Protein chains: 4
Amino acid sequence: MRRTEKEQRDLINKIKRIEGQVRGVQRMVEEDRYCIDILTQVQAARAALTQVGLAILENHAKGCVVQAIEQGDASVIEEMLASVRNFVK
Amino acid sequence: MRRTEKEQRDLINKIKRIEGQVRGVQRMVEEDRYCIDILTQVQAARAALTQVGLAILENHAKGCVVQAIEQGDASVIEEMLASVRNFVK
Amino acid sequence: MRRTEKEQRDLINKIKRIEGQVRGVQRMVEEDRYCIDILTQVQAARAALTQVGLAILENHAKGCVVQAIEQGDASVIEEMLASVRNFVK
Amino acid sequence: MRRTEKEQRDLINKIKRIEGQVRGVQRMVEEDRYCIDILTQVQAARAALTQVGLAILENHAKGCVVQAIEQGDASVIEEMLASVRNFVK
């Protein structure tokens, strides 16, 4: 499913924010900041990445997957499940 | 998708093994066994549960989900995604 | 750190509840219940196991780990970290 | 525990690589690349962040935590456990 222009912009903004968080982690390591504070920032970036991953998965499932199955191709399901498995492990 | 008889039996055996692992955890706590050893057993049960969950999800996706979409009902995708989201978080 | 009698009882009750949840999963599979409902039960058991694992880890860290370090043995930290790593992956 | 210069450099290189991976995700979204390929990249960045988090936790546990306990302050354990809990959930 194509994302609407707004969805695309929102998604890119979220990813840019994660890039900023990762740069923040780097700066904190360089400045020898307190480990627990760095960890909090790492976890925030990681949680945000998980959300971005889920958003992309959702878009894929509702779009490509449904469409491919409707057109008689169920192999997309295997591919999607491999990706989910990768996320959960 | 209906599981074959063999798949059903395998799945039930896996779940029985997890039940045994959980009972093992209980016994170890009662016997005041070393925490790290108990944790190893907890993690084994948890990893096995994750695998059982993924197996059930896979069966569902390849069966019910594909079938429902082929019959024109794409709402099963939302339901499946909510379940995946629950697993990943 | 020894658990108090109440903590020990609470922990065992939680583990018994998980055993019941796992048995519930087995019954649902045997009765061919709807996959998404089974998954919800699997996830509940898994989340409860995670909490039990964290409770045991906490008890271990505040008890054995602190005590061992105070007695000059810091090797318990490595062991605990390996266990944490196992949980996170 | 202070990281050695080499450890510090290695850690910063890992973080820089993650920043690059996140930028890669952004580019792939902008170019409307195939969702599953984007997801693979998201998962790679997420797994790398987890490893960075664990490395920082390890450094903290073996350094600050051991030292604080040796000096009679066990409160660092609570703080570390809260951070682990945050990671596992």
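Okay, so let's go over this structure. Treat the numbers as computed from the prediction; the structure is a model and nothing was measured.

Time to look at the interface of chain A and chain B. Taken together, the 20 residues of chain A in the interface contact 20 residues of chain B. Between chain A and chain B, roughly 1800 Å² of surface is buried when both sides are summed, and carbon and sulfur atoms account for 77% of that area. It is A:Leu81, A:Arg85 and A:Val88 in chain A that bury the most area against chain B; as a group they hold 29% of the surface buried on that side. Seen at the junction of chain A and chain B, the total is four salt bridges. As a salt-bridge pair, A:Arg85 and B:Glu58 come within 2.8 Å of each other at their nearest N and O atoms. The tally of links between chain A and chain B comes to six residue pairs in polar contact (both at pLDDT 80 or more). In terms of residue count, the dominant contributor to the side of chain A that touches chain B is helix 2 (residues 35-70) of chain A (eleven residues). Split into classes, the residues belonging to the side of chain A that touches chain B amount to 13 nonpolar, two polar and five charged.

Moving on: the relation of the copies chain C and chain B. Overlaying chain C on chain B yields an RMSD of 0.0 Å, the required transformation being a rotation through 180° with an accompanying axial translation of 0.0 Å. Seen this way, the second copy is the image of the first under a two-fold rotation axis. The share of interface residues of chain C whose copies in chain B are also at the interface is 100%, consistent with both copies meeting through the same surface.

Turning our attention to the packing of helix 2 (residues 35-70) of chain D against helix 3 (residues 75-88) of chain D. When two helices pack together, you describe them by how their axes are tilted relative to each other and by the distance separating the axes. All names here are of chain D. Interhelical geometry of helix 2 versus helix 3 gives an angle of 170° and a closest axis separation of 10 Å. Classified by the interaxial angle, the pair formed by helix 2 and helix 3 is roughly antiparallel. Here helix 2 runs over helix 3; the crossing is left-handed. Residues Thr 50, Gly 53, Leu 57, His 60, Ala 61, Val 65, Ala 68 and Ile 69 of helix 2 pack against Val 76, Ile 77, Glu 79, Met 80, Val 84 and Phe 87 of helix 3. Considering only residue class, the contact of helix 2 with helix 3 consists of ten nonpolar, three polar and one charged.

The rules behind the values
- Residues numbered from 1 in each chain as written.
- Chains lettered and ligands numbered in written order.
- Predicted model: local features only at pLDDT ≥ 70, side-chain atom pairs only at ≥ 80, totals over all residues.
- Heavy atoms only, no water.
- Contact = heavy atoms within 4.5 Å.
- Buried area = accessible area lost by both parts, 1.4 Å probe.
- Salt bridge = Lys/Arg side-chain N within 4 Å of Asp/Glu carboxyl O.
- Polar contact = N/O pair within 3.5 Å; in protein donor to acceptor, adjacent residues only side chain to side chain.
- Helix = DSSP H or I, 4+ residues; strand = E, 2+ residues; numbered from the N terminus.
- Nonpolar A, V, L, I, M, F, W, Y, C, P; charged D, E, K, R; others polar.
- Least-squares fit on C-alpha atoms with pLDDT ≥ 70 in both.
- Axes fitted to C-alpha atoms, helices over the stretch in contact; angles between N-to-C directions.
- Parallel < 35°, antiparallel > 145°, perpendicular 65-115°, else oblique.
- Left-handed = near helix turned anticlockwise from the far one by under 90°.

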